[in-house]
Number of protein chains: 2
Amino acid sequence: MNFGIVVFNQVEELDFVGPWEMLTMWSKFADGPTNCLIVGQTLDLIVCAKGLSINPQISFADCPPLDYLLIPGGQGTRLEVSNTVLLDFIATQARNCKAVLSVCTGAFVMHAAGLLSGKKATTHWGSLERLRALGDVEVVEQRFVQDGNVWSSAGVSAGTDLMLAFIASVAGEKAAGKVQFAAEYYPASTKYGDFENHAQAPAYIKSSGG
Amino acid sequence: MNFGIVVFNQVEELDFVGPWEMLTMWSKFADGPTNCLIVGQTLDLIVCAKGLSINPQISFADCPPLDYLLIPGGQGTRLEVSNTVLLDFIATQARNCKAVLSVCTGAFVMHAAGLLSGKKATTHWGSLERLRALGDVEVVEQRFVQDGNVWSSAGVSAGTDLMLAFIASVAGEKAAGKVQFAAEYYPASTKYGDFENHAQAPAYIKSSGG
């Protein structure tokens, strides 16, 4: 089983490393995918949105057929929605994928690759209106959402929750539990400031109480 | 203000990228540190514990005096506790740091650099006994703990909670709230499987209820 995560310049760091950590824990401790791949258009180094420098493991040209594909977000998505090489790679791979997932503004790349029309989806709170404006996406204000074989999450850190829910769906609760325990993902529930009452806070944050 | 995160071969990905994301959001949105630095012994590429390849931004030799220093964990810490170049770098920098923080098994590196003797600290649940066996650390089973200018967190994902609490302490609740909102860090509380009742589950997970 091959699971690929696409990366590009100005990808947001936690958007892909959160899911990557869950994915590779799944592989290591709970019989998850054999090949977990960081896929770039080329092997050239990539500078992420906050300055972390990474090296893709495999290029689009050498990437094997993927069973699962995840598209992170970040400032770079503003350019990548017009990158026909990347969109073709995603659209072509997606034809044989069992599921495609996006994190944060990765939803816009998924849409540009033709995978989100008529689907329920979500994105970072700061881009919800922009996703609605596309006109053909049923935007929901949840931490993550599944619509058939298309999964999407809210911003940045939400990709970790998305990935655990995805693992539970594909491999069962116990596999997801092994991953969660290995990564010690029992996050604090502290809310700093009063941002759950911010005008732009999505419904799932508002309803979590002030 | 300079905030450095030390990286080394086989560093665990989320151990440093979780805090990195919070740190750089702090810098970008809430007047956090001017320089956020990924510091390596050299500029040679580093392969992380789960296979992600990264490039340090600055070497030990060129690193400016740091106000804050964070030491992530991972399989690589087993070797780094004997790496005198790295330990000297940490010990020397720490003399002028306002605070030093560790994530997961980074606590063992902090200890080897002479910073943890007589202090309260924590680490990944799988290494709590090993931390107790050092004999001179007051090990606590919390998500994270502060003892004076030394902070430490539980495993992997706990570094994100540590970093937000640290920001709240240094810059106030509102700054931490801006970071939390920007990173949309309102994690799900779902617990998969029954690992909160695992014999090795630390006290803070057990007490969170089954």
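Use the structure listed above.
These figures come from a predicted structure and were not determined experimentally.

About the cut-offs
Residues numbered from 1 in each chain as written. Chains lettered and ligands numbered in written order. Predicted model: local features only at pLDDT ≥ 70, side-chain atom pairs only at ≥ 80, totals over all residues. Helix = DSSP H or I, 4+ residues; strand = E, 2+ residues; numbered from the N terminus. Rg over C-alpha atoms; globule rule 2.2 N^0.38 Å. Contact = placed C-beta atoms within 7 Å. Nonpolar A, V, L, I, M, F, W, Y, C, P; charged D, E, K, R; others polar. Pairing = 2+ DSSP bridges. Core = buried A, V, L, I, M, F, W, Y, C linked by C-beta atoms within 7 Å. Buried ≥ 20, exposed ≤ 12 C-beta atoms within 10 Å, placed from the backbone. Axes fitted to C-alpha atoms, helices over the stretch in contact; angles between N-to-C directions. Least-squares fit on C-alpha atoms with pLDDT ≥ 70 in both.

1. Section: the overall build of chain A
Phase 1 of the analysis: The helix and strand tally for chain A stands at eight helices and 11 strands.
Phase 2 of the analysis: Computed over its C-alpha atoms, the radius of gyration of chain A comes to 16 Å, within 12% of the 17 Å expected for a compact globule of 210 residues.
Phase 3 of the analysis: Seen along its three principal axes, the alpha-carbon backbone of chain A occupies a region of about 50 × 40 × 35 Å.
Phase 4 of the analysis: Taking the intrachain contacts of chain A between residues at least 6 apart in sequence as the baseline, contacts between residues at least 24 apart amount to 64%.

2. Observations regarding the interface of chain B and chain A
Phase 1 of the analysis: Listed by partner, the interface residues are 48 residues for chain B and 48 residues for chain A.
Phase 2 of the analysis: At the level of elements, helix H1 (13-29), strand S4 (53-55), helix H6 (158-171) and helix H7 (173-182) of chain B are the ones that each hand at least two residues to the side of chain B that touches chain A.
Phase 3 of the analysis: Taken together, the residues of the side of chain B that touches chain A sort by class into 23 nonpolar, 15 polar and 10 charged.
Phase 4 of the analysis: Two elements, strand S4 (residues 53-55) of chain A and S4(B), share three bridges in a ladder whose sense is antiparallel. When the sheet's bridge partners are listed, A:Ile54 is paired in S4(B) with B:Ile54.

3. Quick look at the sheet that holds S4(A)
Phase 1 of the analysis: The sheet built from four strands is open, its strands ordered S3(A)-S4(A)-S4(B)-S3(B) with antiparallel pairing. Edge strands, defined here as strands with exactly one partner in the open sheet, are strand S3 (46-47) of chain A together with strand S3 (46-47) of chain B.
Phase 2 of the analysis: Bridge analysis of S3(B) against S4(B) gives two bridges, and the strand direction is antiparallel. Paired with B:Ile46 across the bridge in S4(B) is B:Ile54.

4. Focus: the environment of A:Ala107
All names here are of chain A.
Phase 1 of the analysis: Tracing the backbone through its elements, the reader meets Ala107 in helix H4 (residues 106-112).
Phase 2 of the analysis: Between the C-alpha atom of Ala107 and that of Leu162, which follows or precedes it by 55 residues, the distance is 13 Å.
Phase 3 of the analysis: Beyond its immediate sequence surroundings of up to four residues, Ala107 is in contact with Ser102, Leu116, Ala121, Thr123, Leu131 and Ser152.

5. Notes on the nonpolar core
Phase 1 of the analysis: Core analysis: the biggest nonpolar cluster contains 154 residues, and A:Val7, A:Val179, B:Val7 and B:Val179 have the highest contact counts within it.
Phase 2 of the analysis: Apart from the residues lying within four places of it in its own chain, the contact partners of A:Val7 are A:Phe16, A:Ile38, A:Val39, A:Gly40, A:Ile46, A:Ile54 and A:Pro56.

6. Points about the environment of B:Lys206
Phase 1 of the analysis: As for its position among the elements, B:Lys206 is in helix H8 (residues 203-206).
Phase 2 of the analysis: Linking B:Lys206 and B:Phe195, residues 11 residues apart in sequence, is a C-alpha distance of 8.7 Å.

7. Let's talk about the sheet that holds strand S1 (residues 2-6) of chain B
Residue and element names in this part refer to chain B.
Phase 1 of the analysis: Within the open sheet, the seven strands sit side by side as S5-S2-S1-S6-S7-S11-S10. Their pairing is mixed. On the outer flanks of this sheet lie strand S5 (58-59) and strand S10 (144-147), each paired with one strand and no other.
Phase 2 of the analysis: In this fold H1 packs onto S1, strand S2 (35-40), strand S6 (68-71) and strand S7 (99-103), with an angle of close to 165° to the strand it touches most, S1.
Phase 3 of the analysis: Packed onto the sheet, H6 meets S7, S10 and strand S11 (150-153) and runs at close to 150° relative to S11.

8. Considering the relation of the copies chain B and chain A
Phase 1 of the analysis: When chain B is fitted onto chain A, the two copies agree to an RMSD of 0.0 Å after a turn of 180° and an axial shift of 0.0 Å. Taken together, the rotation and translation describe the operation of a two-fold axis. When each C-alpha of chain B is compared by its distance to the rotation axis, B:Ile54 comes out closest, at 2.1 Å.
Phase 2 of the analysis: Interface overlap between copies is the fraction of interface residues in one copy that are interface residues in the other; for chain B against chain A it reaches 100%, indicating a shared surface.

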